[in-house]
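What follows is the residue order along each chain.
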Amino acid sequence: MREFDAGQFDIAVIGAGHAGIEAALAAARLGLETVCLTINLDAVGNMPCNPAIGGTAKGHLVRELDALGGEMARAADRACIQYRMLNRRKGPAVWSLRAQADRRAYQQVMKHTLERQEHLTLRQAEAVALRTENGRVTGVVLRTGAVYRVRAAVLCTGTYLRGRTIVGDCVEESGPDGLHAAGPLTESLLALGLPLRRFKTGTPPRVNRRSIDFSKMQLQEGDPSPLPFSFETERPPENRAACWLTYTTEETHRIIRENLDKSPLYSGAIQGIGPRYCPSIEDKIVRFADKNRHQVFLEPEGLYTNEMYVGGMSSSLPEDVQHAMYSSVAGLEHVRIVRNAYAIEYDCIDARQLYPTLEFKKLHGLFSGGQFNGSSGYEEAAAQGLIAGINAGRSVLGEEPLILDRSQAYIGVLIDDLVTKENREPYRMMTSRAEYRLLLRQDNADLRLTEWGHSIGVVGEKRYEAFLKKKEELLRVGDGGFFHVV
C-alpha cells in the first residue's frame, strides 16, 4: 500500500459510536483540531442493541455527562419518544431515568452535531495502523494509505475490531448491523505491545410490528409528567410511543433446551466472554432452570418504522430455532422477524493497561474509551469517551488531566473499576458499585460536576451562567440543592 501525508491534526478519534462522539466533541470544544474516523458515516451514533438511553445507574451517567458538557443527554431529549423514571418505589438515590429513542433520529442528531462542531472533521475512513516515535503516538494510517500526523489519538473501536457475528453455524467477519469489521488495526496494536482479548455480546431480533398481537401483552406507558435528561432542556419531553411487556412460556423453554446442542454458546463456536448481567435467552434458561418464565419487552425502534426490538431475548441460536422460540411467546405467535438475533465477538483490552486518565501506560498520547476498554452499554461508553477526549486534549495542551474520584461521580466509579480491577466480562455500571450513591444522585449531577466542566472549557458561558443562577436560587431556599430531590 502506498502511503502519503494527508495532513496534521492535534487529535484523531478512531470510531464514531457513543464513546467516539463524546471524545471527538470534547477535544474539539477544547479548541484542538480533531478528526473523527468511522468505517461508515451512516453508523455514527448507532444503537445496534436496544434503542434506549439511560436505565438503572446508566441514567446517572447520562446526567453526569451532561453536567460535564457531554452531548448524549441533549441528543436524547431531541430524539427520545418515551420517558420513564425507574425505581420510583425505592429511595431517590437509585431513581434512574430511561428513555426509548427513535434510533434513526438519534443518529441524525449526533451526526449533524459532529458536522457542525468547530475544529472537528468527520470522515468515513478505516484506521489500520498507528505510527509512533520514542514511545509516543505520532500518526494514524488509513486503509487508503493516507497518514494523518497527530499529537494524540483516542481508540473507540466498539465491537468492530475483528468483529465476528454468529447465528447458529453461520459465522461472518462483520461488525454490528452487517457493517464490515475492522481488522488490520488489531495487528498494529499487538505489534506495539498492547495485548488484546476477546469479549462477546449479543442482540435480540427486530420484528415486524404488524405481526404482533398486543392484546396479549401488558401496555407500558411513559410517565405522565416526564423529566428530561439534560439540565439545559427547557421544555418537558413528550411521550410519543408506548412499550409492551410479555413473557416467555414453558414451550419457549422446551424449544431452547432441545436445541442447546445447536447453540454456539455451548458448542464452543463462541470463544469470547459475554456479559453476565445481560445474558442471552438460552443462557437464562440454563442458569435459571427453576424459572418458568422470563420478561420480554417489545420496544419501538422509532416513529417511522415498523421494526420492534424484542428486549430480554438476545440469542445466537440458528434462524429456524429463533423463529420457533419467538413464536412461542405470548403475542408473538405469528411474528415475522426482520433482523435475526446474533452474537458478536470483538477484540478489546484489559483496561488495567490504562492510567485513570484513560491513557495507555505503554504508549504516551494514546487514549481509549468504550467497549474497547472491556465495558458494555452506550452510557458507559459515552462517559469514558468524554473523559478520554478531555484528557487527550489536556495532554496536548500541557494541562493537568481530569480524574474524577469515586466519591465525586458514577463516572469516577466506572473508570476506577475498569483500570484497577480485574474484569473477566464486559463491565456494566450498577448503583450497587457506587459506595457514595446516597450523595451521587442523578438530580444533583450539575451541582457536583458543572464547575469542573466549565473550568476545563467544555461547558460554555451561557450554560454556566444558567447554572450559577440555579445554584443561587437553591442556596436562597436553604440547602444549596445538594439534597434537593427532583
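Residues numbered from 1 in each chain as written. Predicted model: local features only at pLDDT ≥ 70, side-chain atom pairs only at ≥ 80, totals over all residues. Heavy atoms only, no water.

Colleague: How should I be thinking about the packing of aromatic side chains in this particular structure?
Modeller: For any two aromatic rings, the description comes down to two numbers: the centre-to-centre distance and the angle of the planes. The full count for this structure, using the stated rule, is four aromatic pairs. The interplanar angle of 45° and the centroid separation of 6.0 Å between the aromatic rings of Y83 and F229 together place this pair among those described as tilted. One end of the pair, Y83, is in strand β5 (residues 80-86); the other, F229, is in the loop between β16 (218-220) and β17 (243-247), and 146 residues separate them in sequence. Relative accessible area serves as the criterion here: at 0%, F229 is assigned to the buried category. A cation over a ring is seen here: R293 above Y247, with NZ or CZ 3.6 Å from the ring centre. (Phe/Tyr/Trp six-rings, centres within 6.5 Å; stacked < 30°, edge-to-face > 60°. Helix = DSSP H or I, 4+ residues; strand = E, 2+ residues; numbered from the N terminus. Buried < 20%, exposed > 50% of the residue type's maximum accessible area, 1.4 Å probe, protein only. Lys NZ or Arg CZ within 6 Å of the ring centre and 35° of its normal.)

Colleague: It is not clear to me how the sheet that holds strand β22 (residues 366-368) should be interpreted in this structure. Could you clarify?
Modeller: Pairing between sheet strands relies on hydrogen bonds along the backbone, with the strands arranged either parallel or antiparallel. Strands sit in the order β7-β3-β2-β11-β22 across an open sheet of five strands; the sheet is parallel. For this open sheet the edge positions go to β7 (120-124) and β22, each flanked by a neighbour on one side alone. Between one strand and the next, the sheet's axes are offset by a mean angle of 20°, whatever the strand orientation. (Pairing = 2+ DSSP bridges. Axes fitted to C-alpha atoms, helices over the stretch in contact; angles between N-to-C directions.)

Colleague: Would you take a moment to explain the pattern of salt bridges for this structure?
Modeller: Close approach of charged atoms lets side chains of opposite charge pair. Evaluation of the coordinates by the stated rule reveals 37 salt bridges. Notably, a salt bridge pairs R198 with D347, separated by 3.0 Å at the nearest N-O pair. Here R198 is found in strand β14 (residues 197-203), whereas its partner D347 is found in strand β21 (residues 342-348), with 149 residues between them in sequence. We note that R198, like D347, is buried. (Salt bridge = Lys/Arg side-chain N within 4 Å of Asp/Glu carboxyl O.)

Colleague: Help me understand the pairing of β21, please; the structure alone is not making it clear to me.
Modeller: Counting buried residues in β21 gives seven out of seven residues, a clear majority hidden from the surface. Here β21 shows no split at all, with Y342, I344, Y346 and C348 on one side and A343, E345 and D347 on the other all buried. When strand β12 (residues 164-167) meets β21, the two strands line up antiparallel, connected through three bridges. Looking at β21, one finds that T165 is bridged to I344. Looking at chain direction, β14 and β21 are connected through seven bridges and run antiparallel. From the neighbouring strand, G202 faces β21, where its bridge partner is A343.

Colleague: Just checking my understanding: could you explain the sheet that holds strand β8 (residues 127-133) for this structure?
Modeller: Read from one edge of the open sheet, four strands run β1-β10-β9-β8, paired in mixed fashion. Two strands close off the open sheet at either side, each with one partner strand: β1 (4-8) and β8. For this sheet the average axis-to-axis angle between neighbouring strands, irrespective of direction, equals 30°. With six bridges connecting them, β8 and strand β9 (residues 136-142) associate as antiparallel partners. Bridge pairing links A129 to V141 in β9.

Colleague: Is there a simple way to explain unusual backbone geometry in this structure?
Modeller: Glycine aside, a negative phi is what most residues show, and trans is what most peptide bonds show. The backbone of D177 shows a phi angle near 60°, a positive value even though the residue is not glycine. By the secondary structure assignment, D177 is in the loop between β13 (170-173) and α5 (184-191). A residue is classified by how much of its surface remains accessible, and D177, at 26% relative accessible area, is partly exposed. For L358, which is not a glycine, the phi torsion comes out positive at approximately 75°. Position of L358 relative to the elements: it lies in the loop between β21 and β22. Residue L358 is classed as buried on the basis of its relative accessible area, which comes to 0%.

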